[in-house]
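Residue-level structure breakdown
For reference, the chains in residue letters:
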Amino acid sequence: MATKTEENKLNISYFGDLAGDLYDAFMGAAKNPAVSENFSFLHTTDAACGEKFGLSGAGISLSRRFDDSPVAYSGENNVDDIVKWAKDLSVPILISFSEDYIEPIFGDHKPALILFTEDSGQAFQDTFAAAAKELQGEILFVTSGVTDGIQARLADFIGATKEDMPCIRLIDPSGESMLKYQYSGDITALTSADVKKYVEDFKAGTLEAHLKSEEIPEDNTGGVTVLVGKNWEQIVKDETKDVLVKYYAPWCGHCKSLAPIWDSLGDDVKDIEDLVIAKFDATANEVAGLEVRGYPTLKYYPKDRKSTRLNS
């Protein structure tokens, strides 16, 4: 887990006697790895000092350098409640995506609504910020560009480009596979009601997930068949053919080394009518239910057992 930058430093302070259920729960939270690396834990027996931190007596308060601060704890005297409270408050109402927020989104598997734009002073940005306040706690709200550093990597992962901006994407890392959605409305005419309805539709399960796909090649008759998201099912699930697929990433060194061998294999067996040697750029294409955990990955789909995938 990455440590918070100085700008986003988080402190949890305890004020009161160094004994009792609340103190024990506070100390338990301080030792919990879910929060211990991202927070500084402080304590003092001077309960009166807590008045400056929103407390009227003994208690726990969280200080942060964004949104409302400090925030007094009002939950039960147990570790789990304190940890959840701290994690919920560790991210801003409106996140500007950075290394600090990889863990709260992807590590904690929380859905996030992302506005991609590199403009400033736009009405739709104010609307998005207002919706973030209104829907606080229901979904994470994030803003990001597409050209610099970690934000460029996020955009590439989701499939948002400079030509797409401004655009809204929703990602849901809560399940076994990372689902992504595209908002199709007019961003420049965005209203808070539009955002609320979109989040409601997501929670109701009525949104259709978006899957990245390159275009199907016009000429796909070479020794190695090019698979993309749009033709994967048609070719891979063809029950008349055995299909051997190389899932790769263009930047992967091992994939580059394998490429000429794979091309040679395709040429050697191209006359076998019921065998397909294929390749699939897994960075530019997606298939529902398909997970590629490393590059290159080879999967074999025999014609008589299409549900079987042999990895090597």
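Structural notes, computed from the coordinates. (Residues numbered from 1 in each chain as written. Predicted model: local features only at pLDDT ≥ 70, side-chain atom pairs only at ≥ 80, totals over all residues. Heavy atoms only, no water.)

**Observations regarding the overall build of the chain**
- When helices and strands are counted, the chain shows 9 helices and 14 strands.
- Expected size for 312 residues packed as a compact globule is a radius of gyration near 20 Å; at 25 Å, the chain overshoots this value by more than 25%.
- Overall, the C-alpha framework of the chain stretches about 85 × 45 × 35 Å when taken along its three principal axes.
- Relative to its full complement of 312 residues, the chain shows a buried share of 40%.
- Of the contacts made within the chain by residues no fewer than 6 positions apart, 67% connect residues no fewer than 24 positions apart.
- As presented, the chain carries roughly 16500 Å² of accessible surface, and 48% of it is formed by carbon and sulfur atoms.
- Side-chain charges in the chain split into 31 positive and 52 negative, and the spacing between the mean points of these groups amounts to 3 Å. (Helix = DSSP H or I, 4+ residues; strand = E, 2+ residues; numbered from the N terminus. Rg over C-alpha atoms; globule rule 2.2 N^0.38 Å. Buried < 20%, exposed > 50% of the residue type's maximum accessible area, 1.4 Å probe, protein only. Contact = heavy atoms within 4.5 Å. Areas by Shrake-Rupley, 256 points an atom, 1.4 Å probe, with all protein chains shown as cover. Lys, Arg positive; Asp, Glu negative; His and termini not counted. Charge placed at Lys NZ, Arg CZ, Asp CG, Glu CD.)

**A word on helix 9 (residues 253–268)**
- Its 16 residues give helix 9 an end-to-end C-alpha distance of 24 Å, which sits within 8% of 22 Å, the value for a rise of 1.5 Å per residue.
- Maximal helix bending in helix 9 amounts to about 35 degrees, located at Ala259; proline Pro260 follows within four positions.
- In the core, the buried residues of helix 9 are packed alongside strand 11 (242–248), strand 12 (275–281) and strand 13 (297–301). (Expected span 1.5 Å × (residues − 1). Bend = angle between axes of the 7 residues up to and from the residue.)

**Let's talk about the packing of helix 1 (residues 21–30) against helix 3 (residues 79–88)**
- Contact geometry for helix 1 and helix 3: axes closest at 8 Å, N-to-C directions at 55 degrees. The angle between the axes of helix 1 and helix 3 places the two elements in the oblique class. In this structure, the crossing between helix 1 and helix 3 has a hand that is right-handed. Here Ala25, Phe26, Gly28 and Ala29 of helix 1 come into contact with helix 3, specifically with Val79, Ile82 and Val83.
- Here the residues of the contact of helix 1 with helix 3 sort into 6 nonpolar, 1 polar and no charged. (Axes fitted to C-alpha atoms, helices over the stretch in contact; angles between N-to-C directions. Parallel < 35°, antiparallel > 145°, perpendicular 65-115°, else oblique. Left-handed = near helix turned anticlockwise from the far one by under 90°. Nonpolar A, V, L, I, M, F, W, Y, C, P; charged D, E, K, R; others polar.)

**A short note on the sheet that holds strand 3 (residues 59–63)**
- With mixed pairing, 4 strands are arranged side by side in an open sheet as 2-1-3-4. At either margin of the open sheet sits one strand with a lone partner, and together these are strand 2 (39–44) and strand 4 (71–72).
- Bridge count for strand 3 against strand 4 is 2 bridges, and the pairing is antiparallel. In the sheet register, Ser61 faces strand 4, and the bridge partner there is Ala72.
- Each of strand 1 (10–15), strand 2 and strand 3 touches helix 1; the most contacted strand, strand 2, lies at about 155 degrees to it.
- Across the face of the sheet, helix 3 comes into contact with strand 1, strand 2, strand 3 and strand 4 while running at roughly 20 degrees to strand 3. (Pairing = 2+ DSSP bridges.)

The values reported here are purely geometric and, on their own, carry no functional implication.
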